Amino acid sequence: MKKEILINSVGNEIRIAITEEGKLAELFVESPEKERMVGDIYLGRVAKVMAGIQAAFIDIGMQQDGFLHFSDISSYQDEFNTMLDEDDEDEEDEHGENGGGGTAVAKPKVEKRPREERRREVNLTKGQEIIVQVTKEPVGKKGVRVTSQVSLPGRFLVLLPFDGKIGISKKIVSFRERRRLRRLVRTILPQGFGVIVRTNAENQDEKLFLQDLESLLKSWRDIEATAKEEKPPALIYKDMATTSSVIRDLFSEQVEHVVVDDKKLFREIKSYVKLYSPEMADRIEYYSKREPIFDSFGIEKEIATLLSRKVWLKHGGYIIVEPTEAMTVIDVNSGRYAASREQEENSLRTNLEAAREICRQIRLRDLGGIIVIDFIDMLDDRNKKKVYDEVKKEFKRDRAKHTILPLTDFCLMQITRQRQRQSVIHSFTEPCPTCGGSGMIQSKTTILSNIERWLRRFRTESNEWRLRLRISPSMKEYLMNGKLFNRKNRLIFRFRTWLNVEEDKSLPIDEFQFISVKQDKDITTEFVN
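Here's what I pulled together on the structure shown here.

Conventions adopted
- Residues numbered from 1 in each chain as written.
- Predicted model: local features only at pLDDT ≥ 70, side-chain atom pairs only at ≥ 80, totals over all residues.
- Heavy atoms only, no water.
- Buried < 20%, exposed > 50% of the residue type's maximum accessible area, 1.4 Å probe, protein only.
- Helix = DSSP H or I, 4+ residues; strand = E, 2+ residues; numbered from the N terminus.
- Arc of directions from axis to C-beta.
- Contact = heavy atoms within 4.5 Å.
- Polar contact = N/O pair within 3.5 Å; in protein donor to acceptor, adjacent residues only side chain to side chain.
- Pairing = 2+ DSSP bridges.
- Axes fitted to C-alpha atoms, helices over the stretch in contact; angles between N-to-C directions.
- Parallel < 35°, antiparallel > 145°, perpendicular 65-115°, else oblique.
- Nonpolar A, V, L, I, M, F, W, Y, C, P; charged D, E, K, R; others polar.
- Left-handed = near helix turned anticlockwise from the far one by under 90°.
- Core = buried A, V, L, I, M, F, W, Y, C linked by side-chain atoms within 4.5 Å.
- Salt bridge = Lys/Arg side-chain N within 4 Å of Asp/Glu carboxyl O.
- Expected span 1.5 Å × (residues − 1).

### Considering helix α15 (residues 487-495)
- Within α15 the residues assigned to the buried category are K488, N489, L491, I492 and F495. All buried residues of α15 fall inside an arc of 155° around its axis, so they share one side. Exposed and facing more than 90 degrees away from the buried side of α15 are R490, F493 and R494.
- Structurally, α15 contributes buried residues whose contacts are with α13 (444-461), α14 (473-480) and β23 (498-503).
- For α15, the N-terminal cap is N486; the gap from its side-chain oxygen to the backbone nitrogen of K488 is 3.3 Å.
- Where α15 ends, the next residue or the one after it, R496, has phi of about 50°, a positive value.

Here it is in structure tokens:
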């Protein structure tokens, strides 16, 4: 499969597009307001322990406390606690015992126990200091999700402090290569650490492994030192920015080109790749044409569909994507598609085409949580199985963890997908100040009824008879439409109150203000039910 990474930099915003066979598959946006948080490590303090929901809330200095589920507490928590409690003198003695020249971690002062036994014990107390790492960014009103199972990802290795295990990526299938990598890692890994060997490590030289490991060990030593100096809550490690992490994690042999339209960013990426994957440095290209890079590669048009709730399919059908608070609902419609008189055959073809596009849209929009797809009804169970198999096949490209259930009798499919950050749509949009993000506003007749109810309460409780009414331009036009018997005059005669209607462009359409002429002040709230 032909893959490309396209990077567009404008001002403080960087957009990274990953294409597959020329079509946009993933999109990342990096800006000062929407900074990447996944991978950041904090020295926090336990704010609450709630055994009833098997979780603790950790104060890490954000507006909302981080959520730590008991299942995300490290089996080496005692070692982390010991590290925080050690003084400098103890640390030096223990490094000396290891004989690792400063690269090995201090041996913990606690008794080693089987991992299964440790995981059953949760010894967190309110006020306790704890090191945690962000695994999910805040979504809506939910704060970040954190884990105390800290790991440091590099280009080829993921470093696991205090964990002696060596894991190999399942995507490396060659038995010989897996054995070579395991032996190689054992010879260079200091005592007291574990690693996971990443897919990018396949067929790589030992020298590059050492560079990656030394960089990760240095980062961990810096984290240790910072954790002992800082008082919680404090950020003690900042993971790479989005651009760097995409190159680190996604720039593999399958990527033919990385095209960058910013000279400084181009030089930074080139230097990084030369250091860790020199054989791939020639794939980094600088885009110097006058036409914007995303226009040239057709990305801007695809971003436009990303922001739309309706996505058209090639043969006339379409899908509707509706995010809600609890889940995302996707509806499949046949539209103009009717290539055959056979309804079952038409439904199958549209559903198969929709399945491919839906899987792409889920990755592209980075939809997470529960996703329910309402496919066009089919009677034949074999056709339902074909649609299910098509979705499973397309999801093999997805890096996020997911679960896909077969179609129900009503042709509904349920999917759960790992959520690490808010949908990418939040990077381009914000809630409408008029409708508050609902997509709906009150009708003009409803607003007029609200004005009438206000005037009725006003006439009951006040002796004044002159008011100024401030409303939006469209609402003023609605009230003034007509001559003698327009809606404004009807209000005047009905409530025996003189009204001077004023246009206020700053007011949303469903809001109004009443100003007392006698008092020269806003009295709207005084007569609200």
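### Some details on the sheet that holds β23
- Across the sheet, four strands lie side by side as β23-β22-β24-β25; this open sheet has mixed pairing. This sheet does not close on itself; its edge strands, each paired only once, are β23 and β25 (521-522).
- As paired strands, strand β22 (residues 466-471) and β23 are joined by six bridges and run parallel to one another. In the strand pairing of β23, R470 is matched with E502.

### Comments concerning the environment of L210
- Its place among the elements puts L210 in helix α5 (residues 206-229).
- L210 sits 54 residues away from F156 along the chain, and the two C-alpha atoms are 9.9 Å apart.

### Describing the packing of α13 against α14
- Contact pair α13 / α14: the axes reach a minimum separation of 11 Å and the direction vectors enclose 80°. Compared by their axis directions, α13 and α14 come out roughly perpendicular. From α13, K444, T445, I447 and L448 reach across to α14, where they touch S474, M475, Y478 and L479.
- When its residues are assigned to classes, the contact of α13 with α14 shows five nonpolar, two polar and one charged.

### Brief notes about the packing of helix α6 (residues 242-250) against helix α7 (residues 263-276)
- At a minimum axis distance of 11 Å, the contact between α6 and α7 shows a crossing angle of 35°. Between α6 and α7 lies a crossing whose hand is right-handed. Contacts between α6 and α7 involve T243, I247 and R248 from the first element and L265, I269, Y272 and V273 from the second.
- Taken together, the residues of the contact of α6 with α7 sort by class into five nonpolar, one polar and one charged.

### Description of the environment of Y388
- Note on placement: Y388 falls in helix α11 (residues 381-395).
- As for Y388 and L405, which are separated by 17 residues in sequence, their C-alpha atoms are 8.0 Å apart.
- If we ignore the near neighbours within four places in the chain, the residues touching Y388 are I404, L405, P406, L407 and M413.

### A word on the nonpolar core
- The biggest cluster of nonpolar side chains holds 57 residues, and the ones touching the most others in it are I7, I131, L159, F209, W220, V258 and V273.
- Top element by residues in this core is α5. It accounts for eight residues.
- Excluding its chain neighbours within four sequence positions, the residues that come into contact with V273 are I247, F251, P278, M280, A281 and I284.
- Membership of the second largest hydrophobic core comes to 28 residues, among which are V332, L352, I362 and L407.

### Considering the pattern of salt bridges
- Enumeration over the complete set of coordinates arrives at 29 salt bridges.
- One salt bridge connects D239 with R248, and the closest N-O pair in it is separated by 3.2 Å. Note on accessibility: D239 and R248 belong to one class, buried.
- E390 is the salt-bridge partner of K393, the closest N and O atoms lying 3.4 Å from each other. Residue K393 and its partner E390 are both found in helix α11; the two are separated by three residues, about one turn of the helix.

### Considering α5
- Taking 1.5 Å of rise per residue, the 24 residues of α5 would be expected to cover 34 Å, and the 35 Å separating its terminal C-alpha atoms lies within 8% of that figure.
- Where α5 is concerned, the buried positions are L208, F209, D212, L213, L216, L217, W220, I223, E224 and A227.
- For α5, the N-terminal cap is D205; the gap from its side-chain oxygen to the backbone nitrogen of K207 is 2.9 Å.

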